[in-house]
Amino acid sequence: RREAQAQAKAQSASPEAAPPSNPTTGNFRGLVLLIDFSDFPATISRQEVDDFCNKAGYTGFGNNGSAFDYFRDVSDGKLSYKNLVAAYYRAAHPRTYYTDPAISYGTRAQELIREALNSLVASGFAFSSLTADAGGYIKALSVFYAGVRSNAWSEGLWPHSWALATPYVLSATRRFSDYQITDLGNQLTLRTFCHENGHMVCDFPDLYDYDSVGVGLGVGHYSLMCYGGHDKNPTQVDAYLKH
């Protein structure tokens, strides 16, 4: 995402584009993949993740609502965003295979995502209710893997958002590209999940600085799309993006 923004800026002398003019309102649905490993079995249930994503008034792990609650509240009821949470997929290899720091960053994460999607397709999973854009790309794919992250920054399964190297094609009208992946850890928290889904669902930009450390803090904790406040009770989207 950073590379794409830098490239777009370099190719144009004009000011950076404003947020999309089309509002994100109505009913949206994303997909959540759950993955565990032979050496790191799941400790948080699929039902708990489903509640975290979709249950009105969710309070698990001390969170102030669910992801559904968050987007409903910041949109003043205009956006209903829910997720289909798939059953756990047991990875084909131990977790150490995917966290190998010698392998180019993102490679094994995308291999793991494709494994899980292949398994869903083979099971007859219904993808038709997922929200796609005009090009047929499904708006939101979130991936949780079992255990606490073990990698250093920019290695293995370090949490990140990106696009698949090549789209995963389901049909002529449905394909995956954008995704986010993170560890489940020992608890579920709202801030990062909502931030990354803000990118995927609403096309919100990051509002923190990409330049040298210490130069500036962007809008700080005043917006979800910068630092976003507390992990379990994130600040709202700023007024500019709400507008």
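Please refer to the structure placed before this passage.
Residues numbered from 1 in each chain as written. Predicted model: local features only at pLDDT ≥ 70, side-chain atom pairs only at ≥ 80, totals over all residues. Heavy atoms only, no water.

Once that is clear, we can look at helix α5 (residues 107-123). Taking 1.5 Å per residue, 17 residues should reach 24 Å; α5 reaches 25 Å between its end C-alpha atoms and fits that length. Among all positions in α5, only Arg108, Ala109, Gln110, Leu112, Ile113, Glu115, Ala116, Leu117 and Leu120 are buried. Next to the buried residues of α5 lie β1 (26-36), β3 (89-90), α4 (95-98), β4 (141-145), β5 (160-171) and β6 (174-183). Following α5 by one or two positions, Gly124 has its phi on the positive side, about 85 degrees. (Helix = DSSP H or I, 4+ residues; strand = E, 2+ residues; numbered from the N terminus. Expected span 1.5 Å × (residues − 1). Buried < 20%, exposed > 50% of the residue type's maximum accessible area, 1.4 Å probe, protein only. Contact = heavy atoms within 4.5 Å.)

Val32, Val49, Phe52, Phe144 and Leu188 are the most contacted members of the largest nonpolar core, which has 30 residues in total. At the level of secondary structure, the elements contributing two or more residues to this core comprise β1, α2 (46-54), α3 (67-74), β2 (79-85) and α6 (190-202). Sorting elements by how many residues they give to this core places α6 first, with six residues. If near-sequence neighbours (up to four positions away) are discounted, Leu188 is found in contact with Ile44, Glu48, Val49, Phe52, Tyr58, Phe61, Asn63 and Phe144. (Core = buried A, V, L, I, M, F, W, Y, C linked by side-chain atoms within 4.5 Å.)

Let us now look at the packing of α3 against α6. Here α3 crosses α6 at 60 degrees, and the two axes come no closer than 10 Å. On the basis of their axis angle, the class for α3 and α6 is oblique. The interaxial crossing formed by α3 with α6 has right-handed handedness. Residues Ala67, Tyr70 and Phe71 of α3 form the contact with α6, whose participating residues are Leu190, Phe193, Cys194, Asn197, Gly198 and Cys202. Here the residues of the contact of α3 with α6 are counted per class, giving seven nonpolar, two polar and no charged. (Axes fitted to C-alpha atoms, helices over the stretch in contact; angles between N-to-C directions. Parallel < 35°, antiparallel > 145°, perpendicular 65-115°, else oblique. Left-handed = near helix turned anticlockwise from the far one by under 90°. Nonpolar A, V, L, I, M, F, W, Y, C, P; charged D, E, K, R; others polar.)

Scope: geometric values only; no functional claims are made or implied.
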